[in-house]
Each structure stands twice: as C-alpha cells, then as structure tokens.
Amino acid sequence: MSKLRITRQYLRWRSGIALSIVLAAAITAMWVAFIGRDTVATRNQNTASMDTLLLSLSEMSMAFQELRMSPASQRGKNSKAHVRRASHAAEEAAQRISLERTLKTFSPEGQSILRRDAMNPLLELEDVLFLADVAVDPRQNMTDVARAAGMAGDLAMRLLPIFNRIKQAELAAAQEAADTQVTYGIFALVITLLGVGLAARFVHLPMERYVIRAQNEIERNQRKAEAASEAKSMFLATMSHEIRTPLNGVLGLADVLKETQLGSDQKRMVTMIQSSGQALLQLINDVLDLAKIEAGKIDLKYEGFDVQALCQETAELFSGQAAQKGVTLTVHTAPSEAGWFVHSAPQALRQVLANLVGNAVKFTEQGVIELHLEDVPPSHGEERRLRIAVTDDGIGIAPGALERIFGQFEQADSSTTTQFGGTGLGLSIVQRMSEALGGHVRVESTLGEGSEFILELPVGIAQREVVVTPERDVVHFGKRVLVADDNRVNQVVARKILETLGCEVSFAANGLEAVDRAANWNPDLILMDVRMPMMDGLQATRAIRADTRHMAASVPIVGLSANALAEHREEAAEAGMSGYVEKPVTRLALKTELLRHWPATAQQQENGTWA
C-alpha cells in the first residue's frame, strides 16, 4: 500500500504539469483564434463600408442624370427621393470610415488612398453630398438644380473607380487574413496536440498502470472480504443452530411444564427458566440481526398497522418487569387528525421500540418511564413523519459517552455491564434499523437524572382493514402430525405440545424415515427439521413432493430449523415447504401454524364441533 500511496503522489505531481501544459495550449489556441477572428471581422466590415459607398454613389449617379435632363418632371421628383436616400447611406458610411481608429484598420493600399492630400476621396465625397443637398433643395430653381446635379454626377462617376479600388484592396487583405487564420488554427492545433500528448505520456499511461494495480489489489481484498463474510455467515448460522437446538428443549419443555399442575414455587422457577431462556434467545437474535444489517440482508416487510396499538403492546410487554421494580410505565399519545393507522415496517419498528423500552426498564430502578407518540410537523412537500420518544428516570448517560452509545458492544460505562448486564448491541441495532426505516434516532441525557431516546421516521398513509380474528384458544385439532427430527429432546417437546392440541403424533429420526413414514402413515401435517443425518429436511421434502402416488405429496410440510437467516427461509420455500418455524418451538408457534392451515377449526371449536 505504501508504494501505491507514493505512486499516487507522484501521479498528482505529474498531473499538475500535464494539466498546466494542456491549459496553456488551450489558452494559446483561444488567443490565436480571437486574433484571427478579429482581423477577418475587421476586413469584412471595411469591405461592407466600401460596398455601401459604391452602391450609394451608383444610385446617386443615375438619379443625378435624371435631374440634369428633366428636373421639373415626375421622374425628376422620384430621382430626388433616390438621392436623399442614397446620400444618407453614403454619409453614414463616410463618417465610419473617417474615424482615425477605423482608418488604421484598412490595408496599407487602402490607407494610402484614403489619406492622400490631392484628390482625397473622402473630401470629394463631401462635395458630392453637398451638391446632392443643393439638387434636392425645393427652394432652388430648376436651372441651379440641373447644374448641381450635373456637377455631382460627374464627381460621383469619378469617385466610383477609386472606392472600388479600395474595396478590391480590402478583399485581398481579407483573403490574406483568412489564410493567416488557417495557419494560426493549425498552430493552435499543434500546441493542443502537444499538450494532450504530454498529458498522455505523463499521466494517462502511469495512471493506467496504477489503476490496474489498484484494481487487482481491490479484487484480492474483495475476495478476502467475501470469504471472511461467508465464513462469518456460516459461523453465525452454525452457532445459531447449535445454540437454538438445546434452547428449543429448554423453552419447549418449560412451556409444556407450565401447563401442568405446579406449586407456586415450581411455577416461579419455570417462569425464571423461561425468562432466562428468552434472554438468551434475544441475545442470539441481536447477533443475527446485526449480522444481517451489516450484510445488507435486512428484510423489511411494509404493511398497514396501528402504530398506537404497537406502542401499547410494547409497553405491555415490559409492564411486568417494570412493575416488579416499582417503576411506572405509561404511554402518551398526542391527538392526530390523520389517525394512527400508518404504512411502514411494523416488525422492525417493534424491535426498535422493544430495545428502547427494554433498556429504559433495565436502567431505571425507580420513577417513571414514558413512551410518547406524536406527529412531527412536516416541511412543505414532505411525507408524514412520526416522533416516538422513550423517556426514563434511570441512571442517565455521561456526556462523554453520548457519542459512542450507538456503537457495537458499547455501553456508557464498563460497570454497567457488571451491574445491569447486556452486550451493548441493542442500541446499535436501534440505530441501524431506524436508518433502514428512513428515519434517525438521537439521545438526550443527564447523568443521574435519566435519558430520552427520540426516534423520528417517515410513514405512509394506510387504509385500515377490518379483520375478523378467529378464536386462538383452540385445544383440540384432531390431526395426524408427523415430526421428523433427529434430536430426542425436540421430539419430546413436539409430542407434549401437539398432544395438548389434540393431535396424534408420529416420529422419524432422519430424512429417509420421514419419506417412508409420510408415504405409509398418511399424516395431515409434517413438521420437518431442516438439518438431519442421512437425508436432510430439504431433500426429504423434495422427495415427498416428487412422489405423487401418495397423499403426502400435497400435505403441508412445515420446516423446523434453528437457522434464522432469510436465505434459509427462501431455501425451504424453494424445496416445497409450506411454512417455516424457528426454534425454539413454542406451543403458541405450533398452534398458530396449525390454525394457519386449518383456520376453520376455531369456528368449529366455538360451535362444539370438531375437524
């Protein structure tokens, strides 16, 4: 890299020289072009002045001839009008030519004629114009008019060849100026080409070699980064699977155990097991979410939802923890004419609010936590924006820590981790997720007095849909469910949960057994673990779907996996799975999946009938 930096500085120095040469060449070429252009323009202007004089003298000569012959006739009167018009044009041209700065622009031959003492054409032109005034004066008698017209006509005829000679001299000078302009143009082109050649020699070729070397180095680094990213993804997927698999047993059995007859102490211990397991699950989810955000694989699902209800649900989620500490957790909603049914990504917003409210509960030992929802007055032409603020009376944040509070694995104080726990990933995810939603988050805090985290984000207008939600407290489905999972604990968890839902359960320990069991047992639903020995769940699903001789080819197959990345869901869908449930598997998750495939069961339960 040091060689590349030295080369860059060297090329900048060379670039400065080459650009200076090109700039000098361009300025020189422009100057030459202006000189030639001015010379040609001046010659053309002089020639035009001579043309005006020649035309005027010719017209006056013919008019004077008519006045000499018959000054009192109608033709004589018309000739006077011609004389007036021609003399006026000749007078203007003579005035331009007579100026000293104009005389200097004429060719040497033209100047010698216009400046001579004897028979000076400009002085004689003044005589012609004087006689023309006499000839057209209505106060003069016809004899004087005829005499003046005769004298003016003779003088005009004598001046015509003189001015024509000057014109020819100017035409020759203009042609010479045009030829000189071509020479100047060629010279300017040579200078420009020389500058371009020097620029190519000193800049283009070295830069090309530098770019090629830099590109090769970038490609090498990119391949290393891609390999590292792939290794990181594989590591996260593997660790997620390996941690979620035993966690599935912990949370699943705790969920089933909670439904049994337990004493008060036993229920409290089960609740503690669930709480600890959920904390561990949240940690895993935070790491995965951060990895997905860094990889640009965050999946935001936009839809209409009630943001006020979402804020209330988030507060209710943490209300139990707040109540145990004696902290008051409230939601305040400002009036809004547009209502609170908006269009955004509710899952992402729920995760942001859960992190903010969860942090507020964690770091507040007493006092009040308030969640405020209000509209932000939009600027002209902007879409609607919301402001959601989470205010607490907690420990606060030191001024020096405010700048790094949103960094990964950062906390305001090292003692915070010891006292309150946490990894410092929550606020980093909050910031990244807020930016993904098109908004931003900021914090205002005073050490020892509390903090306020303020989220502002744009939202769209959504039309509220009336949805009839079926009864979710269903206890009996009466379905045959095949569970394909190689983990004995997971099998026990699945059996306990499904049996409480009124299902008949059968097991397969690998993909081959799952294919065989699906063909012979005719299940109504298959819960298929994605990672199994001998044949994995994706291969088993493809095999079941491909064998159309059996009814199992069309039954719902729901994937069970500890892999929580979006690509794993896509692979499951491509293999033919009808759904995907992440481990740890809970009773609510399985019940929701069963209701998704048999929604009429809720209505039948209410009516006292069974599927």
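Our subject is the structure that appears above.
Residues numbered from 1 in each chain as written. Predicted model: local features only at pLDDT ≥ 70, side-chain atom pairs only at ≥ 80, totals over all residues. Heavy atoms only, no water.

Caption draft 1: Seen up close, the sheet that holds strand β4 (residues 367–376). Read across the sheet, 5 strands follow the order β2-β4-β5-β7-β6 without closing on themselves; strand pairing throughout is mixed. On the outer flanks of this sheet lie β2 (327–333) and β6 (440–446), each paired with one strand and no other. When the angles between neighbouring strand axes are averaged without regard to direction, this sheet yields 15°. Across the face of the sheet, helix α8 (residues 307–324) comes into contact with β2, β4 and β5 (385–392) while running at roughly 175° to β2. (Pairing = 2+ DSSP bridges. Helix = DSSP H or I, 4+ residues; strand = E, 2+ residues; numbered from the N terminus. Axes fitted to C-alpha atoms, helices over the stretch in contact; angles between N-to-C directions. Contact = heavy atoms within 4.5 Å.)

Caption draft 2: Structural detail: the packing of helix α12 (residues 488–500) against helix α16 (residues 587–597). One can describe the packing of α12 onto α16 by two numbers: an axis separation of 10 Å at closest approach and a directional angle of 55°. With respect to α16, the element α12 is oriented oblique. Here α12 runs over α16; the crossing is right-handed. Here α12 contributes Ile497, Leu498 and Thr500 to the contact with α16, which in turn contributes Arg587, Leu590 and Leu594. (Parallel < 35°, antiparallel > 145°, perpendicular 65-115°, else oblique. Left-handed = near helix turned anticlockwise from the far one by under 90°.)

Caption draft 3: Fine view of helix α2 (residues 74–98). In this model α2 runs 36 Å from its N-terminal to its C-terminal C-alpha over 25 residues, within 8% of the 36 Å that 1.5 Å per residue would give. Within the sequence span of α2, burial applies to Gly76, Ser79, Lys80, Val83, Ala86, Ser87, Ala90, Ala93, Ala94 and Ile97. (Expected span 1.5 Å × (residues − 1). Buried < 20%, exposed > 50% of the residue type's maximum accessible area, 1.4 Å probe, protein only.)

Caption draft 4: Main features of the pattern of salt bridges. Inspection of every chain in the model, using the stated rule, returns 18 salt bridges. Its salt-bridge partner being glutamate 456, residue arginine 442 comes within 3.6 Å of it at the nearest N-O pair. Of this pair, arginine 442 sits in strand β6 while glutamate 456 is found in strand β7 (residues 450–458), placing the two residues 14 residues apart along the sequence. Counted as one network, the salt bridges with shared partners bring together Glu374, Arg387, Arg442, Glu444 and Glu456. (Salt bridge = Lys/Arg side-chain N within 4 Å of Asp/Glu carboxyl O.)

Caption draft 5: Structural context of the side chain of glutamine 491. Counting through the fold element by element, glutamine 491 comes out in helix α12. Taking the relative accessible area as the measure of exposure, glutamine 491 reaches 9% and is therefore buried. Dropping the residues within four chain positions of it, glutamine 491 is found in contact with Asp485, Phe507, Ala508 and Ala509.

Caption draft 6: Main features of the packing of helix α13 (residues 511–521) against helix α14 (residues 537–546). Relative to each other, α13 and α14 sit at 25°, their axes nearing to 9 Å. Judged by the angle between their axes, α13 and α14 are roughly parallel. Between α13 and α14 lies a crossing whose hand is right-handed. Between α13 and α14, the residues in contact are Gly511, Ala514, Val515 and Ala518 and Ala540, Ala543 and Ile544, respectively. Split by residue class, the contact of α13 with α14 holds 6 nonpolar, 1 polar and no charged. (Nonpolar A, V, L, I, M, F, W, Y, C, P; charged D, E, K, R; others polar.)

Caption draft 7: Representation of the nonpolar core in the model. Within the largest apolar cluster, 41 residues are counted, with the highest numbers of intra-cluster contacts made by Val307, Leu349, Leu386 and Ile388. Within the residue set of this core, elements represented by two or more residues are α8, β2, α9 (346–362), β4, β5, α11 (426–436), β6 and β7. Looking at this core, the element that brings in the most residues is α9, giving 8 residues. With residues up to four places along the chain from it excluded, the contact list for leucine 386 reads Val307, Trp340, Val342, Leu373, Glu374, Asp375, Val376, Leu455, Glu456, Leu457 and Val459. Within the second largest apolar cluster, 37 residues are counted, among which are Ala94, Leu103, Leu125 and Ala156. (Core = buried A, V, L, I, M, F, W, Y, C linked by side-chain atoms within 4.5 Å.)

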